[in-house]
Amino acid sequence: MRDLVSCFGEHAVKVSDSYCSGSSSSPSPSSHPPRSSVLSAVASLYSVKLSSHKCLIINLTWSKNPATGPSFSISVSDAAAAAAAAGVASPIRKKRGSRSFDVGASRIDAAWDLSSAKYGPGPEPISDYHVAVVVDGKEYGLLLGDLYKDPPPKRLPCAESAMVARRERVVGLSNYSTKARFCDLGLDHEITIRCREQELSMFVDRKRAVHVENLQWNFRGCQTLFVEGLPVDVMWDVHDWYFNASSEGRAVVLFRRRSELKSRLWMEEKVLEEEGVVVEETEWVKNRFSLLIHACKSFP
């Protein structure tokens, strides 16, 4: 996150203002759609507040590779401790099972059942699955899936949790669509990114919000949108995609809700660093959702 933010400053490329609630005469993403990009991995970051008021960060990653097949991993860390104190469960490829590990003074029990899971075009299941993370045997830190439709009478209580960040890795940058919710009680918004030759377009709810031409010059930039009245910073960096001739060329697009209208994302990061706060921890702040789309030219 810090590397991406450091790419932008006062001299970043500026494109014309656009609001997702406004009208647009540009074609919608459904007009002559190019070949779609392939979603290869999804990482969702959850902020969890336990009944003891202790806060944990749970990272759930789903991935799919033609050579190795689907897999997922779970990692848990203490939001108040250093990153080195995080307990990590290595990638899990079994369709059903459990695993336990310690994070500081907490005991983490993770269980999953993907034996009947149904999938969409990406690596993340959409129905008939179950993933649970239990903390100290007392409460669910995270409970996902619809496998258990009727709660058992002695089910553990669920801690307060919210998704605060989502990272999606795709192969190709020609045409990609996803969904994002920028506040807890907000709506799901359709995000579409289309890249053709030297043009980059981004759509929010099928209305073009960002359009960049001559990417060989405007390969980095930023713009502010308003989604449900909330300021959302959009930043892109496609330099490596165009100027790295190897198959390792990559592109990054970031959508991130700003905490205040008058602030700027890179200014917020600088203030946090000066105060001694780890920059990555800003991902965990409530109501600061971010969506990071990382495009690569081939499967890793």
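Keep in mind that this is a model prediction, so the values were computed, not measured.

(A) Here's a closer look at the sheet that holds strand S14 (residues 189-196). As summarised here, the arrangement of the four strands in space is S13-S14-S15-S16, forming an open sheet in which the pairing is antiparallel. The open sheet has two edge strands, strand S13 (175-180) and strand S16 (207-212), and neither has a second partner. Across this sheet, the average inter-strand angle for adjacent strands is 20°, counted without regard to direction.

(B) Inspection of the sheet that holds strand S7 (residues 106-113) at higher detail. With antiparallel pairing, four strands are arranged side by side in an open sheet as S6-S7-S10-S11. Edge positions in the sheet fall to strand S6 (96-103) and strand S11 (139-145), since each of these pairs with one other strand and no more. Averaged over all pairs of adjacent strands, the angle between strand axes in this sheet comes to 10°, irrespective of strand direction. The pairing of S6 with S7 spans eight bridges and is classified as antiparallel. Within the sheet, the bridge partner assigned to Arg 96 lies in S7 and is Asp 113.

(C) Spatial organisation of unusual backbone geometry. In this structure, His 53 takes a positive phi of about 75° despite not being glycine. Tracing the sequence through the fold places His 53 in the loop between strand S2 (38-49) and strand S3 (55-65). Notably, Asp 136 is not glycine yet its phi reads approximately 55°, a positive angle. The residue Asp 136 is located in the loop between strand S10 (130-135) and S11 in this model.

(D) Here's a closer look at the pairing of S10. Among the six residues that make up S10, six are buried, leaving the element largely enclosed by the rest of the structure. Taking every second residue as pointing to the same face, both faces of S10 are buried, with His 130, Ala 132 and Val 134 on one and Val 131, Val 133 and Val 135 on the other. The pairing of S7 with S10 spans six bridges and is antiparallel. By the bridge assignment for S10, Trp 112 is matched with Val 131.

(E) Structural view of the nonpolar core. Of all hydrophobic cores here, the largest spans 32 residues; its most connected members are Leu 173, Ile 193, Leu 200, Met 202 and Phe 255. Here Leu 173 is in contact with Ser 37, Ile 193, Arg 194, Cys 195, Val 238, Trp 241, Ala 251 and Ala 295, once residues within four sequence places are set aside.

(F) Looking closely at the environment of Ala 251. Structurally, Ala 251 is set in strand S19 (residues 250-257). Between the C-alpha atom of Ala 251 and that of Phe 219, which follows or precedes it by 32 residues, the distance is 9.5 Å.

(G) Summary view of the packing of aromatic side chains. One pass over the structure, following the stated rule, counts five aromatic pairs. Centre to centre, the rings of Phe 72 and Trp 112 are 5.6 Å apart; their planes meet at 80°, and the pair counts as edge-to-face. One end of the pair, Phe 72, is in strand S4 (residues 69-78); the other, Trp 112, is in strand S7, with 40 residues separating them in the sequence. Both residues of the pair, Phe 72 and Trp 112, belong to the buried class. Taking 5.8 Å as the distance between ring centres and 80° as the angle between the ring planes, the aromatic pair formed by Phe 219 and Phe 243 counts as edge-to-face. Residue Phe 219 is found in the loop between S16 and strand S17 (220-227), and its partner Phe 243 is found in helix H2 (residues 239-243); the two are separated by 24 residues along the sequence. On the accessibility criterion, Phe 243 (47% relative accessible area) is partly exposed. Grouping aromatic residues by their ring pairs yields a cluster made of Trp 62, Phe 72, Trp 112 and Tyr 129. Its guanidinium or amino end placed over the ring of Trp 241, Lys 297 lies 5.7 Å from that ring's centre, counting from NZ or CZ.

(H) Representation of the pattern of salt bridges. Summed over all chains, the structure comprises nine salt bridges. If you follow the salt bridges from partner to partner, you end up with Glu 124, Arg 166 and Glu 168 in one network.

(I) Just the environment of Ala 43, in detail. Looking at where Ala 43 falls in the secondary structure, it is placed in strand S2. For Ala 43 and Asn 59, which are 16 residues apart along the polypeptide, the C-alpha to C-alpha distance reads 6.7 Å. Beyond its immediate stretch of four places on either side in the chain, Ala 43 contacts Asn 59, Leu 60, Thr 61, Ala 165, Arg 166 and Arg 167.

(J) Local environment of the confidence of the model for the protein chain. Residues of the protein chain with pLDDT of at least 70 account for 73%, and the chain-wide mean is 77. Put simply, strand S1 (residues 13-14) is where the protein chain has its lowest mean pLDDT, 30, and strand S15 (residues 199-204) is where it has its highest, 94. Across residues 1-34, confidence stays below pLDDT 50; counting only partners more than four residues off in sequence or on other chains, it has 69 contacts. Considering only residues more than four positions removed or in separate chains, one finds that residues 266-286, a stretch of pLDDT under 50, has 40 contacts.

Cut-off values and rules
- Residues numbered from 1 in each chain as written.
- Predicted model: local features only at pLDDT ≥ 70, side-chain atom pairs only at ≥ 80, totals over all residues.
- Heavy atoms only, no water.
- Pairing = 2+ DSSP bridges.
- Helix = DSSP H or I, 4+ residues; strand = E, 2+ residues; numbered from the N terminus.
- Axes fitted to C-alpha atoms, helices over the stretch in contact; angles between N-to-C directions.
- Buried < 20%, exposed > 50% of the residue type's maximum accessible area, 1.4 Å probe, protein only.
- Core = buried A, V, L, I, M, F, W, Y, C linked by side-chain atoms within 4.5 Å.
- Contact = heavy atoms within 4.5 Å.
- Phe/Tyr/Trp six-rings, centres within 6.5 Å; stacked < 30°, edge-to-face > 60°.
- Lys NZ or Arg CZ within 6 Å of the ring centre and 35° of its normal.
- Salt bridge = Lys/Arg side-chain N within 4 Å of Asp/Glu carboxyl O.
- pLDDT = per-residue confidence, 0-100.

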